[in-house]
Amino acid sequence: MHIGSHLLANNLFAAPMAGVTDRPFRQLCRRLGAGYAVSEMVTSRRELWGSLKTSRRVNHEGEAGPIAVQIAGTDAPMMAEAAAYNVERGAQIIDINMGCPAKKVCNKWAGSALMQDEALAVAIARAVVEACAAHGVPVTLKMRTGWCRSHKNAVTLARAFEDVGIRMLTVHGRTREQGYGGHAEYDTIAAVKAAVSIPVVANGDITSPEKAREVLACTGADAIMIGRAAQGRPWIFREVAHFLATGTHLAPPLVAEVKRLLLDHLQDHYLLYGQYTGVRSARKHIGWYVKGLPDAAGFRIRMNSIEDCAGQWDAVAAFFDELAGAADRIPAATAAELDNEQEAAGTQ
Ligand SMILES: Cc1cc2nc3c(=O)[nH]c(=O)nc-3n(C[C@H](O)[C@H](O)[C@H](O)COP(=O)(O)O)c2cc1C
């Protein structure tokens, strides 16, 4: 599969998740089988570009290409400027965010709220495409199925976005009104796929290899995108890839492998964020990795009181050493457990 001239390793994508899919996590997902990973969104507000948060988000050191940066905002010229800013900093693909349920930019609703104002949504897409054309950078866009149940306009918008030069569309199978509630539906994604000739990516509630196969089949989508199910379980991409290729399941990972992955992930995380922020922001990742494992709740309480990277790293190593004494492999989660976790993880 291609985006513009970029050939992707496969059609299994890691979803952009603000506060989660930073560079270390994206690199890990790519190592474990994701063919493509989009960065957390970068605001179009110029005054925030110098902030530590944005500078970490635009840091792509050592990241394998294609480097895809998502931008969010409500003003077409500002979005065009944000695209150019990110291209100058190494973005090879620009993705426009029309998928977040609640993001205020300049006191206006950005993200999926833009789907309510079709003229503005298309003007933004056109301006960003024009800004990127000079650099040969393709522009993609992520949206929901529509504003609310009675106003699902993803198909109309998809056609308009294709007309102004958007090169790939990702559709999360929920309306903006739904937030993360209810279930994703795939009929609208199938309708978008049938309406356009650019690649379409299906997203929402894909928690297992079986679900991945089902969503690819029922939507006809070119690729699938996984978000929350990869939190603490980045090896889901290789599990899906194996299942799609062979129809059989990979064994769950060895405890020793997960220990190594997590400790490496923590090292990269501390390097990007430094001790104070690093130790705190790592807690949620550690919590996701240990979820469902014996003594996870007690461990999380103990771990949350540790305030230095070395102490946190040692505690994680000791937790997995103890687990390795009792089991070779991480227990496989049931489909019901995965779906429950998914609902709990939809926090944005
Ligand atoms: C914590 C969190 C942060 C998110 N941040 C973004 C974001 O920055 N941009 C975006 O387009 N979508 C964002 N999303 C939405 C996801 O990309 C994805 O569309 C959604 O979670 C549904 O997919 P899933 O069921 O596989 O998680 C976020 C979701 C979560 C849970």
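Remember, predicted model here, so these are calculated numbers, not experimental data.

About the thresholds
Residues numbered from 1 in each chain as written. Predicted model: local features only at pLDDT ≥ 70, side-chain atom pairs only at ≥ 80, totals over all residues. Helix = DSSP H or I, 4+ residues; strand = E, 2+ residues; numbered from the N terminus. Rg over C-alpha atoms; globule rule 2.2 N^0.38 Å. Buried ≥ 20, exposed ≤ 12 C-beta atoms within 10 Å, placed from the backbone. Contact = placed C-beta atoms within 7 Å. Pairing = 2+ DSSP bridges. Axes fitted to C-alpha atoms, helices over the stretch in contact; angles between N-to-C directions. Near = placed C-beta within 6 Å. Nonpolar A, V, L, I, M, F, W, Y, C, P; charged D, E, K, R; others polar. Domains from an automatic or database assignment. Core = buried A, V, L, I, M, F, W, Y, C linked by C-beta atoms within 7 Å. Right-handed = clockwise from strand over helix to strand, strands pointing away.

Participant: So what's going on with the overall build of the chain? Residues and values would help.
Facilitator: Across its full length, the chain holds 12 helices and 12 strands. In terms of overall dimensions, the chain is globule-like: its C-alpha atoms have a radius of gyration of 20 Å, near the 20 Å expected for 348 residues. If you line up the chain on its principal axes, its C-alpha atoms span 60 × 45 × 35 Å. Counting all 348 residues of the chain, 46% fall into the buried class. The long-range share in the chain, meaning contacts at least 24 apart out of those at least 6 apart in sequence, stands at 70%.

Participant: Please give an account of the sheet that holds strand β6 (residues 93-98) that cites residues and values.
Facilitator: On the basis of which strands lie adjacent, the closed barrel formed by 8 strands has the order β3-β4-β5-β6-β9-β10-β11-β12 and parallel pairing. Here the average twist between neighbouring strands, direction ignored, is 30°. In terms of strand pairing, strand β3 (residues 12-14) meets strand β12 (residues 223-226) through 3 bridges, oriented parallel. Its bridge partner lying in β12, Phe-13 is registered against Met-225.

Participant: Explain the site of the ligand to me, and be specific about the residues and the numbers.
Facilitator: Neighbouring the ligand are 26 residues, the closest being Ala-15, Met-17, Gly-99, Gly-227 and Arg-228. Looking at the shell around the ligand residue by residue, the class counts come to 11 nonpolar, 11 polar and 4 charged.

Participant: Tell me what's going on with the domain arrangement of the chain, and back it up with residues and numbers.
Facilitator: By the assigned domains, the chain splits into domain 1 (2-246) and domain 2 (255-326). The gap between the C-alpha centroids of domain 1 and domain 2 is 29 Å. Contact with domain 1, which involves 7 residues of that partner, is made by 9 residues of domain 2. Here the side of domain 1 that touches domain 2 gets 3 residues from one element, more than from any other, and that element is helix α1 (residues 23-31). Partitioned by chemical class, the residues of the side of domain 1 that touches domain 2 number 2 nonpolar, 2 polar and 3 charged.

Participant: Now, about the nonpolar core: what can you tell me, with residues and values included?
Facilitator: Core analysis: the largest hydrophobic core is formed by 80 residues, its most contacted members being Phe-13, Ile-71, Ala-83, Ile-94, Val-128 and Ile-224. The leading source of residues in this core is helix α4 (residues 118-133), at 8 residues. Those residues in contact with Ile-94 that lie beyond four places of it in its chain are Val-69, Ile-71, Ala-83, Asn-86, Val-87, Val-128, Cys-132, Val-137 and Val-139. Counting residues in hydrophobic clusters, the runner-up holds 18 residues, among them Leu-266, Tyr-289, Cys-309 and Leu-323.

Participant: Describe in detail the pairing of β12, supporting the description with residues and values.
Facilitator: Neither face of β12 is open: one carries Ala-223 and Met-225, the other Ile-224 and Ile-226, and all of them are buried. Between the parallel elements strand β11 (residues 200-203) and β12, the chain passes through helix α7 (residues 209-219) in a crossover that is right-handed.

Participant: Report on the environment of Met-41, specifying residues and quantitative values.
Facilitator: By the element assignment, Met-41 lies in strand β4 (residues 36-43). Separated by 54 residues in sequence, Met-41 and Asp-95 have C-alpha atoms that sit 8.7 Å apart. When residues no more than four places from it in sequence are discounted, the contact partners of Met-41 are Pro-16, Ala-18, Gln-70, Ile-71, Ala-72 and Asn-97.

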